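So you can see what is in the structure, the chains are spelled out below.
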Amino acid sequence: MSVDDQLLQDLIAVRARSLGVRCESADGRLTVDDDDDDDANGRERTTTLAVVGTIDAEALDLCGRDGISAVLTPQSPAELLDLALAPRAVDGLVVDPSIAARLARRVARAEPLGANRGLTAREGEILRLMGRGLPLKQIADRLGITTKTVENHATKLYAKLGVRNRREAVARAGAGDAEA
Amino acid sequence: MIDSPNILVVSASPLVHAAWRDALDGATVFGPNDDSAGLDDAEVLVLDVPTMSQLRAVLRGGALDLAPQCIWVHADIEPEDVVTVRAWGVTHTMHRSAGLAPLLALVREDRDHPRASLIGRIRDDAALDELSAEETLLLRRLGAGQTVAQLRAATGWSRHEAERLRVSALGKLGVHTTGEALAILTLADLSTA
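Okay, so let's go over this structure. Because the structure is a prediction, the values reported are computed rather than measured.

1. Side note on the overall build of chain A
Okay, so step 1: Helices and strands together make up the secondary structure of chain A, namely 8 helices and 5 strands.
Okay, so step 2: Along chain A, from the amino end to the carboxyl end, the secondary structure elements read α-β-β-β-α-β-α-β-α-α-α-α-α.
Okay, so step 3: Evaluated residue by residue, chain A yields a buried proportion of 29% over its 180 residues.
Okay, so step 4: A fraction of 48% describes how many contacts in chain A between residues 6 or more apart in sequence connect residues 24 or more apart.

2. Examining the sheet that holds strand S2 (residues 28-30) of chain B
Residue and element names in this part refer to chain B.
Okay, so step 1: Read across the open sheet, the 5 strands follow the order S2-S1-S3-S4-S5; overall the sheet is parallel. In this open sheet, the two edge strands, each paired with only one partner strand, are S2 and strand S5 (92-95). The average undirected angle you get between the axes of adjacent strands in this sheet is 20 degrees.
Okay, so step 2: When strand S3 (residues 44-48) meets strand S4 (residues 69-74), the two strands line up parallel, connected through 4 bridges. Bridging from a neighbouring strand, Leu45 pairs with Cys70 of S4.

3. Structural notes on helix H7 (residues 147-161) of chain A
All names here are of chain A.
Okay, so step 1: Along its 15 residues, H7 runs 21 Å from first to last C-alpha, staying within 8% of the 21 Å computed at 1.5 Å per residue.
Okay, so step 2: Taken together, the buried positions of H7 are occupied by Val150, His153, Leu157 and Leu161. The buried residues of H7 occupy one face: seen down the axis, they fall within an arc of 70 degrees. In H7, those exposed residues whose orientation departs by more than 90 degrees from the buried face are Lys148, Asn152, Thr155 and Ala159.
Okay, so step 3: Within two residues after H7, Gly162 carries a phi angle of roughly 70 degrees, on the positive side.

4. Some words on the environment of Ala140 of chain A
Residues and elements named next belong to chain A.
Okay, so step 1: With respect to the helices, strands and loops of the structure, Ala140 is situated in helix H6 (residues 136-143).
Okay, so step 2: What makes Ala140 buried here is the crowd of 20 C-beta atoms within 10 Å.
Okay, so step 3: Taking the C-alpha atoms as reference points, Ala140 and Ile126, 14 residues apart in sequence, are found 8.8 Å from one another.
Okay, so step 4: If we ignore the near neighbours within four places in the chain, the residues touching Ala140 are Ile145, Thr146, Thr147 and Val150.

5. Things to note about the nonpolar core
Okay, so step 1: In terms of nonpolar packing, the biggest core is built from 78 residues, with Leu11 and Val71 of chain A together with Leu45, Val46, Leu47 and Ile71 of chain B touching the most fellow members.
Okay, so step 2: With 7 residues, the top contributor of residues to this core is helix H1 (residues 6-18) of chain A.
Okay, so step 3: Excluding anything up to four places from it in sequence, Leu45 of chain B contacts Leu8, Leu39, Leu66, Ala67, Gln69 and Cys70 of chain B.
Okay, so step 4: Counting residues in each nonpolar core, the second largest holds 12 residues, with Ile126, Leu157, Ala169 and Ala173 of chain A among its members.

6. Quick notes on the interface of chain A and chain B
Reports often express the size of an interface as the amount of accessible area lost when the parts come together.
Okay, so step 1: At the interface, 18 residues of chain A touch 16 residues of chain B.
Okay, so step 2: Only H1 and helix H3 (78-85) of chain A provide two or more residues apiece to the side of chain A that touches chain B.
Okay, so step 3: Ranked by residues supplied to the side of chain A that touches chain B, first place goes to H1 of chain A with 9 residues.
Okay, so step 4: When grouped by side-chain class, the residues that make up the side of chain A that touches chain B number 10 nonpolar, 4 polar and 4 charged.

7. Observations concerning the pairing of S5 of chain B
All names here are of chain B.
Okay, so step 1: Side chains of S5 alternate between two faces, with His92 and Met94 and Thr93 and His95 buried alike.
Okay, so step 2: Across 4 bridges, S4 lies against S5 in parallel orientation. If you follow Trp72 over to S5, its bridge partner there is Thr93.
Okay, so step 3: With helix H3 (residues 79-88) bridging S4 and the parallel S5, this β-α-β connection has right-handed handedness.

8. Points about the packing of H6 of chain A against H7 of chain A
All names here are of chain A.
Okay, so step 1: Contact pair H6 / H7: the axes reach a minimum separation of 8 Å and the direction vectors enclose 105 degrees. Here H6 lies roughly perpendicular to H7, going by the angle between them. From H6, Leu136, Lys137, Ile139 and Ala140 reach across to H7, where they touch Thr147, Val150 and Glu151.
Okay, so step 2: Classifying every residue of the contact of H6 with H7 gives 4 nonpolar, 1 polar and 2 charged.

Each value, and the rule that gives it
- Residues numbered from 1 in each chain as written.
- Chains lettered and ligands numbered in written order.
- Predicted model: local features only at pLDDT ≥ 70, side-chain atom pairs only at ≥ 80, totals over all residues.
- Helix = DSSP H or I, 4+ residues; strand = E, 2+ residues; numbered from the N terminus.
- Buried ≥ 20, exposed ≤ 12 C-beta atoms within 10 Å, placed from the backbone.
- Contact = placed C-beta atoms within 7 Å.
- Pairing = 2+ DSSP bridges.
- Axes fitted to C-alpha atoms, helices over the stretch in contact; angles between N-to-C directions.
- Expected span 1.5 Å × (residues − 1).
- Arc of directions from axis to C-beta.
- Core = buried A, V, L, I, M, F, W, Y, C linked by C-beta atoms within 7 Å.
- Nonpolar A, V, L, I, M, F, W, Y, C, P; charged D, E, K, R; others polar.
- Right-handed = clockwise from strand over helix to strand, strands pointing away.
- Parallel < 35°, antiparallel > 145°, perpendicular 65-115°, else oblique.

As structure tokens, then:
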């Protein structure tokens, strides 16, 4: 969850302007527009900067979301903010070191999603993509299968995990991450 | 109006230290654990430290002779806190959710900004007179330690009605939290005592 802090967002917007990028606040996150950062079709790309108050499982999940360019905390060094705001300075994700350490531990401890729960490799892959917040249509596109097939896999994996919906499935699969 | 005042900022968030310098045109920025020598030389002092205990540490329990304008940007405030910080020499308090605009207005000494701060406004504040009898009753009861459930039982208000009155009262007083509203009442009571 992002920090709901108007002053912090205003200050980051001021810093963004001084670095020559536009920055707009929405839903507690900052969307950064870089005029020069267009995709191959000339469409403007935007990236989202998240500042989290606590480093919990939700904060770690943000690091894997599409469109997120940085996950920082109020305690992060100012240099990381400038790195996150600098146009195309970094191709990837800027994360606070404390978040990166938690991510590394999560990866080191991770076992394939659904392992020991009887999920097939395909069901585990679908669960992983659900955990990244992708809708079923995008999951189908990624895997080169139809949405209906994804729905069938989802129904089976919900039954194996003993859950009712994707939110519960992702939470069940990710249980224990918050303590990692 | 202060021309190019000597502005010092104490910010608990290193992430925005450079942003503070940008926003306040070259202001000097400290962390709360840095040596605070020189704080009393500032013409405007901005204390961006969320909690009362951090503020106490920065101000060494009120031992400093503070700037003519000392603005505490806090995350929450209790009515008794605002009395204490005024005694320490803090001239304005402002909740972080108010954002940067009212703070810049204060630095420019533009007290007419709609969100200009608590202590600065109370001196000649007529906002309390704008509260309805029900809004005043709600704040008085909450200030006396009554819970919302007890208040509803006593008045017959629905949960929705109580919340509507609370939000309306905060809006009229130009504050963001019930604690700030209660602090205004406390200060008003003190100044008329």
